[in-house]
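The lines below spell out each chain.
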Amino acid sequence: MSKKRILVTGGAGFLGTNLTARLLNEGHHIICVDNFLSGLKEHIVGFLDNPNYQLIEHDIIDPIDLEVDEIYNLACAGSPPHYQANPIHTTKTCVHGILNMLELAKKNNARIMQASTSEVYGDPEVHPQVESYLGNVNPNGIRSCYDEGKRCAESLCFDHQRMYGTNIKIARIFNTYGPHMDPKDGRVVSNFIVQSLRDEPLTVYGDGSQTRSFCYVDDLIEGFIRLMASENFTGPVNLGNPVEFTVKELAEKTLQMINPEAQVSYLPLPSDDPTKRKPDITLAKSKLGWEPSIALDDGLIKTIEYFKSVV
Ligand code: UDP
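Quantities reported herein were computed from a predicted structural model and do not represent experimental measurements. (Residues numbered from 1 in each chain as written. Predicted model: local features only at pLDDT ≥ 70, side-chain atom pairs only at ≥ 80, totals over all residues. Heavy atoms only, no water.)

### Thoughts on the packing of helix H4 (residues 87-108) against helix H5 (residues 144-164)
Turning to step 1, where the next piece is worked out: Packing of H4 against H5 leaves a shortest axis separation of 9 Å and a crossing angle of 15°. With respect to each other, H4 and H5 are oriented roughly parallel. In this structure, H4 crosses over H5, and the sense of that crossing is right-handed. Of the residues in H5, those in contact with Pro87, Thr90, Thr91, Cys94, Val95, Ile98, Leu99, Leu102, Glu103 and Lys106 of H4 are Cys145, Tyr146, Gly149, Lys150, Cys152, Ala153, Leu156, Cys157, His160 and Tyr164. (Axes fitted to C-alpha atoms, helices over the stretch in contact; angles between N-to-C directions. Helix = DSSP H or I, 4+ residues; strand = E, 2+ residues; numbered from the N terminus. Parallel < 35°, antiparallel > 145°, perpendicular 65-115°, else oblique. Left-handed = near helix turned anticlockwise from the far one by under 90°. Contact = heavy atoms within 4.5 Å.)

Okay, here's the thing in structure tokens:
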């Protein structure tokens, strides 16, 4: 495989860190662009001595000029409390950010993969979600900055492709978990593990009957690599684990694995919280030969080991 110069925006985040480790391992040169709004310096210290690694502290809402062969545009907080903390900046990250990256891709004739999301389906009325489903998104709720931002980003990718022939790839990422999640991230898997380890009550929002399908990060990264390498395929393609659990089941599982004595505390359900989510991955299977291989129990064991070392 030839060595490539690969830009990873959001390279100090959860997905960015895991992707960088994989790409460095394959011998590529990685340029990490991160504004450290939700990315963590401690995630990347281990990369800094690598001559194939370059860190640029920069916010992609502003243009940047680089020489690159591929771009993975992962920059944007993915956790609801984080992206809702400054929702206007979240929209700018999604919209101005992808536009700047598309311009860079066009100038370099580089491939660009956009990290889109299952949130483009909103609170879905079609279950499981197929890529052809157009979604049920509230345009002005507390999730809209992210949902509509990511929808607009997809729109810009396709307009860029139609206008300039830009080589785009769109991954719709479903709930993902694993090492290098921020313990303060606020998402359900990290919250439950950290709470169990600290002997604190597990915070279940609502009655816990809402569902999610959790993909281990190594599986997701394999999907990214296959999508980027694919020919004559742009997506959008769902990348996620199709095995569905209720939030209450996840709480029970986490308790069993870490601390059966810990309590559960039921808190109000945040507004616009989708009631169910599960990807249809038929397209990923047929176009990329991809499907997750790591079951939730096995992924949780690895993730719990990681959190034991950081909290
Ligand atoms: N959730 C929960 N307790 C928590 C964090 C999240 O019950 O401490 C719920 C949340 O309401 C949602 C699901 O778990 O229904 C997944 O939330 P997360 O923030 O991980 O991601 P989302 O899929 O909502 O973007």
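### Thoughts on the nonpolar core
Turning to step 1, where the next piece is worked out: One finds Leu19, Tyr72, Leu74 and Phe224 to be the most contacted residues of the largest nonpolar core, which totals 57 residues.
Turning to step 2, where the next piece is worked out: At seven residues, helix H7 (residues 217-229) tops the list of elements feeding residues into this core.
Turning to step 3, where the next piece is worked out: Excluding its chain neighbours within four sequence positions, the residues that come into contact with tyrosine 72 are Ile6, Leu7, Val8, Thr9, Leu19, Leu23, Met113, Phe224, Ile225 and Met228.
Turning to step 4, where the next piece is worked out: If you look at the next biggest cluster of nonpolar residues, it comprises 30 residues, including Leu7, Leu102, Ala110 and Tyr146. (Core = buried A, V, L, I, M, F, W, Y, C linked by side-chain atoms within 4.5 Å. Buried < 20%, exposed > 50% of the residue type's maximum accessible area, 1.4 Å probe, protein only.)

### What to know about the packing of helix H6 (residues 188-197) against helix H10 (residues 296-310)
Turning to step 1, where the next piece is worked out: Contact pair H6 / H10: the axes reach a minimum separation of 10 Å and the direction vectors enclose 60°. Taken together, H6 and H10 sit at an angle that is classed as oblique. The crossing of H6 and H10 is right-handed. On H10, the residues touching Val189, Ser190, Ile193, Val194 and Leu197 of H6 are Leu300, Thr303, Ile304, Phe307 and Lys308.

### Some words on the side chain of threonine 254
Turning to step 1, where the next piece is worked out: Residue position: threonine 254 is located in helix H8 (residues 247-258).
Turning to step 2, where the next piece is worked out: Taking the relative accessible area as the measure of exposure, threonine 254 reaches 2% and is therefore buried.

### Focus: H8
Turning to step 1, where the next piece is worked out: If you check H8, its first and last C-alpha atoms are 16 Å apart, about what 12 residues at 1.5 Å a residue would give, namely 16 Å.
Turning to step 2, where the next piece is worked out: Within the sequence span of H8, burial applies to Val247, Leu250, Ala251, Thr254 and Leu255. Projected down its long axis, H8 carries its buried residues within an arc of 135°, all on one side.
Turning to step 3, where the next piece is worked out: Elements in contact with the buried residues of H8: H6, strand S8 (202-205), strand S12 (244-246), strand S13 (264-267) and H10. (Expected span 1.5 Å × (residues − 1). Arc of directions from axis to C-beta.)

### Structural notes on the sheet that holds strand S2 (residues 29-34)
Turning to step 1, where the next piece is worked out: Pairing is parallel in the open sheet, where seven strands are placed in the order S3-S2-S1-S4-S5-S6-S11. The sheet terminates laterally at strand S3 (53-57) and strand S11 (237-239), the two strands that pair on one side only. Averaged over all pairs of adjacent strands, the angle between their axes in this sheet comes to 20°, without regard to strand direction.
Turning to step 2, where the next piece is worked out: Bridge count between strand S4 (residues 70-73) and strand S5 (residues 111-117): four bridges; the pairing is parallel. (Pairing = 2+ DSSP bridges.)

### Concerning the pairing of S4
For a regular strand, the rule is simple: side chains alternate between the two faces of the sheet.
Turning to step 1, where the next piece is worked out: Of the two faces of S4, both are covered, the one formed by Glu70 and Tyr72 as well as the one formed by Ile71 and Asn73.
Turning to step 2, where the next piece is worked out: In the sheet, strand S1 (residues 5-9) pairs with S4 via four bridges, with the strands oriented parallel. Looking across to S4, one finds that isoleucine 6 is bridged to glutamate 70.

### Considering the site of the ligand
Turning to step 1, where the next piece is worked out: Taken together, 18 residues are adjacent to the ligand, and Thr203, Tyr205, Arg212, Asp273 and Arg277 come closest.
Turning to step 2, where the next piece is worked out: Within the contact set of the ligand, an oxygen atom lies 2.8 Å away from a side-chain nitrogen or oxygen of asparagine 191.
Turning to step 3, where the next piece is worked out: Separating an oxygen atom of the ligand from a side-chain N or O atom of aspartate 273 is a distance of 2.6 Å.
Turning to step 4, where the next piece is worked out: Against a free-state accessible area of 510 Å², the protein chains account for coverage of 96% of the ligand.
Turning to step 5, where the next piece is worked out: The residue makeup of the shell around the ligand, split by class, is seven nonpolar, five polar and six charged. (Near = heavy atom within 4 Å. Polar contact = N/O pair within 3.5 Å; in protein donor to acceptor, adjacent residues only side chain to side chain. Areas by Shrake-Rupley, 256 points an atom, 1.4 Å probe, with all protein chains shown as cover. Nonpolar A, V, L, I, M, F, W, Y, C, P; charged D, E, K, R; others polar.)

### Focus on the pattern of salt bridges
Turning to step 1, where the next piece is worked out: Overall, the coordinates contain 20 salt bridges when judged by the stated rule.
Turning to step 2, where the next piece is worked out: The salt bridge involving glutamate 148 is made with arginine 151; its shortest N-O contact spans 3.6 Å. Separated by three residues within a single helix, glutamate 148 and arginine 151 lie in helix H5, roughly one turn from each other.
Turning to step 3, where the next piece is worked out: Taking relative accessible area as the criterion, glutamate 148 reaches 26% and is therefore assigned partly exposed.
Turning to step 4, where the next piece is worked out: Assessed through its relative accessible area of 31%, arginine 151 is described here as partly exposed.
Turning to step 5, where the next piece is worked out: Two residues, arginine 187 and aspartate 185, come together in a salt bridge whose shortest N-O distance is 2.6 Å.
Turning to step 6, where the next piece is worked out: By relative accessible area, arginine 187 is classed as partly exposed at 25%.
Turning to step 7, where the next piece is worked out: On the accessibility criterion, aspartate 185 (8% relative accessible area) is buried.
Turning to step 8, where the next piece is worked out: The network of salt bridges with common partners includes Glu119, Arg143, Arg212, Asp273 and Arg277. (Salt bridge = Lys/Arg side-chain N within 4 Å of Asp/Glu carboxyl O.)

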